[in-house]
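A structural walkthrough
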Amino acid sequence: DPYSDDPVRHPALKVNSQRPFNAEPPPELLTENYITPNPIFFTRNHLPVPNLDPETYRLHVVGPPEGQSLSLSLNDLYQFPKHEITVTLQCAGNRRSEMTRFKEVKGLEWNTGAISTARWAGARLCDVLAKAGHQLCETEAHVCFEGLDSDPTGTAYGASIPLARAMDPEAEVLLAYEMNGQPLPRDHGFPVRVVVPGVVGARHVKWLGKVSVEPEESYSHWQRRDYKGFSPSVDWDTVDFDSAPSIQELPVQSAITEPKDGETVQSGEVTIKGYAWSGGGRAVVRVDVSLDGGLTWQVAELDGEEQRPRKAWAWRLWQLQASVPAGKKELNIVCKAVDDSYNVQPDTVAPIWNLRGVLSNAWHHVHVRVAP
Ligand code: MTE
Ligand code: MO
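All values derive from a computational prediction rather than experimental measurement. (Residues numbered from 1 in each chain as written. Chains lettered and ligands numbered in written order. Predicted model: local features only at pLDDT ≥ 70, side-chain atom pairs only at ≥ 80, totals over all residues. Heavy atoms only, no water.)

1. Overview of the overall build of the chain
A count of helices and strands for the chain gives six helices and 22 strands. Dimensions along the principal axes, computed over C-alpha positions, put the chain at roughly 75 × 45 × 45 Å. Every one of the 372 residues in the chain was classed for burial, and the buried ones make up 57%. For the chain, the exposed area adds up to about 15,900 Å²; of that, 50% sits on carbon and sulfur atoms. Looking at the chain, you have 36 positive and 48 negative side-chain charges, and the mean spots of the two groups are 2 Å apart. (Helix = DSSP H or I, 4+ residues; strand = E, 2+ residues; numbered from the N terminus. Buried < 20%, exposed > 50% of the residue type's maximum accessible area, 1.4 Å probe, protein only. Areas by Shrake-Rupley, 256 points an atom, 1.4 Å probe, with all protein chains shown as cover. Lys, Arg positive; Asp, Glu negative; His and termini not counted. Charge placed at Lys NZ, Arg CZ, Asp CG, Glu CD.)

2. Considerations on the site of ligand 1
Lining the immediate environment of ligand 1, one finds 20 residues, of which Phe42, Asp149, His188, Arg193 and Lys206 sit closest. One nitrogen or oxygen atom from the side chain of aspartate 149 is found 2.7 Å from a nitrogen atom belonging to ligand 1. Compared with its free state, where it exposes 540 Å², ligand 1 has 100% of that area covered by protein. Spatially, ligand 1 is embedded in the largest cavity. Only β3 (43-44) and β8 (142-150) provide two or more residues apiece to the shell around ligand 1. Its residues placed into classes, the shell around ligand 1 shows nine nonpolar, seven polar and four charged. (Near = heavy atom within 4 Å. Polar contact = N/O pair within 3.5 Å; in protein donor to acceptor, adjacent residues only side chain to side chain. 1 Å grid on protein atoms, 1.4 Å probe; cavity = no way out; pocket = protein on both sides within 12 Å on 5 of 7 lines; lining within 4 Å. Sits in = over half its atoms within 2 Å of the grid points. Nonpolar A, V, L, I, M, F, W, Y, C, P; charged D, E, K, R; others polar.)

3. Section: the pattern of salt bridges
Overall, the coordinates contain 20 salt bridges when judged by the stated rule. Among the salt bridges present, the one from aspartate 339 reaches arginine 282, with a minimum N-O distance of 3.6 Å. One end of the pair, aspartate 339, is in strand β21 (residues 330-339); the other, arginine 282, is in the loop between β16 (269-277) and β17 (284-290), and 57 residues separate them in sequence. Arginine 282 shares its class with aspartate 339; the two are buried. Note that aspartate 288 is salt-bridged to lysine 336, the shortest N-O span being 2.9 Å. With aspartate 288 in strand β17 and lysine 336 in strand β21, this residue pair connects regions lying 48 residues apart in the sequence. Each of the two residues, aspartate 288 as well as lysine 336, counts as buried. (Salt bridge = Lys/Arg side-chain N within 4 Å of Asp/Glu carboxyl O.)

4. Notes on the pairing of strand β7 (residues 115-124)
With eight of 10 residues buried, β7 is to be regarded as a mostly interior element. Bridge count between strand β6 (residues 82-90) and β7: nine bridges; the pairing is antiparallel. Bridge assignment links threonine 86 to a residue of β7, and that residue is arginine 119. Alignment of β7 against strand β10 (residues 174-179), held across five bridges, turns out to be antiparallel. Along β10, the bridge assignment pairs tryptophan 120 with methionine 179. (Pairing = 2+ DSSP bridges.)

5. Regarding the sheet that holds β21
The mixed open sheet is built from five strands, whose spatial order is β15-β22-β21-β17-β18. In this open sheet, the two edge strands, each paired with only one partner strand, are β15 (264-265) and β18 (298-299). Sheet topology note: the β17/β21 ladder contains six bridges and is antiparallel. Bridge pairing links serine 290 to valine 334 in β21.

6. Considerations on the domain arrangement of the chain
Partitioning the chain into structural domains gives domain 1 (14-243) and domain 2 (253-370). Computed over C-alpha atoms only, the centres of domain 1 and domain 2 are separated by 27 Å. Contact residues are listed per partner, giving 44 residues for domain 1 and 37 residues for domain 2. Surface buried jointly by domain 1 and domain 2 totals about 3,800 Å² across both partners, of which 59% is contributed by carbon and sulfur atoms. For domain 1, the biggest contributors to the area lost against domain 2 are Tyr34, Arg95 and Met99; these three give 21% of the whole. One can count five salt bridges joining domain 1 with domain 2. One salt bridge connects lysine 260 with glutamate 28, and the closest N-O pair in it is separated by 3.2 Å. For the pair domain 1 and domain 2, the interface holds 25 residue pairs in polar contact (both at pLDDT 80 or more). (Domains from an automatic or database assignment. Contact = heavy atoms within 4.5 Å. Buried area = accessible area lost by both parts, 1.4 Å probe.)

Next comes the structure, spelled out in C-alpha cells:
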C-alpha cells in the first residue's frame with residue numbers, strides 16, 4: 001500500500017477520499033478563525049504523501065544557458081530574504097457538490113470547505129529565479145514546477161504559471177517552508193511548496209523538487225487535461241482540453257458557513273456567517289445576504305484583515321445579525337460577494353455547469369427552519 005506512510009490526520013476533517021487523502025474542515029470550524037489552524041486546513045492530494053528528509057532535501061532550479069542551475073538545500077533557501085504573507089488557497093473543485101446536484105460531474109464531492117487561509121513564509125520565487133540568472137525577457141515563457149510525489153509509473157505531480165507572474169515581485173509568489181509559523185505539515189508539502197497568491201490551488205505545487213523555465217506550459221496532466229473550464233454544452237465525447245486555457249486566477253466566491261443547511265434557528269434574531277474571496281488579488285468590497293431566496297438583501301459586516309489593493313490575497317470573513325421576519329417557518333438564506341472589479345457571482349449553477357465541476361461559484365443557499 002503506497003499510502004501506508006501517509007501522516008495521521010485531524011479527526012474533525014470530513015474525508016472525501018482516503019487514498020489519496022482529500023478532506024475539508026466542517027463549515028463551522030472553517031470560519032471560527034481568520035487563519036485556518038494547520039491541522040484542519042483542507043487537504044487535496046492526488047498521490048501518496050512523500051516522506052522527505054530535510055537534511056538531504058534539494059530543490060533543483062534549472063538555469064538559462066547563460067546562467068547557472070542551482071541545487072538548493074533548505075539552508076540555502078533560508079539565505080534568501082524571508083517573505084511572509086497571508087494567502088487563501090482554494091481548490092478549483094470547491095463547492096463541486098452543488099454542481100453535481102444539478103447534473104452529474106466527474107470529481108471529488110467537495111462542499112464549501114475546499115478553501116483555507118494561512119500565513120506562508122519562504123523565499124520569493126523571483127529572487128531564486130534571479131539567482132539562477134533568469135530574467136523576464138521571454139514574456140511568453142512559463143515556470144514549471146514538479147512535485148516529489150509520484151504515481152506507480154513514476155509520473156510526478158506538476159503544474160506551471162506564466163513567467164511574468166513568477167518574476168513580478170508584486171505578485172509575491174513564494175517557495176514556502178513555513179505555514180503559520182511552523183515547518184510545513186507533511187500533507188501541505190513538507191519541506192517546500194509553491195504559493196501563488198490569487199491563483200487556483202492546483203498551481204501551488206507541494207513537495208517541490210524541480211523548477212524550470214520553459215517555452216510552453218507544463219505538460220503535466222493537471223495542467224493540460226484537467227483544471228479547465230468549459231461550456232455547459234460540452235460533454236466527455238466532445239471535450240477538447242486544448243481549446244480552453246488552464247485555470248489561473250479564480251473568480252469571486254463566497255459561502256455561508258453558519259447556520260448549516262437543514263438546521264433549526266430560533267425566531268427573533270439569526271446570526272449568519274461565512275467567507276468571501278476573489279482571485280488575482282481583487283479585494284472583496286461587499287457581501288449581500290438575503291433571507292428570502294434573493295428577493296430582498298442586506299449588507300453583511302466584513303471581518304478579518306484589511307486587504308491591500310491589487311494584493312488582496314486572503315479572504316474576508318463576514319457576518320450579519322438579522323431579525324427573522326415574524327411568522328416565517330422557513331428561511332432560504334443566500335449570499336453573494338462583489339469584488340473591486342465589480343465582478344459578481346452568478347445566481348444559479350445551470351449557466352456555469354461544466355463536466356469537471358470546477359469554478360462552482362453560484363449564489364450559496366442555506367435552507368433552515370424557524371423554531372415555533
Ligand atoms: N502538489 C503536489 N505535489 N501534489 C498534489 O496532489 N494538489 C494540488 C496542489 N498542489 C497537489 C499539489 C491541488 S489540486 C490543490 S487544491 C492544492 O495543492 C491543495 O493544497 P493543500 O492540500 O495544502 O490544501
Ligand atoms: Mo485542487
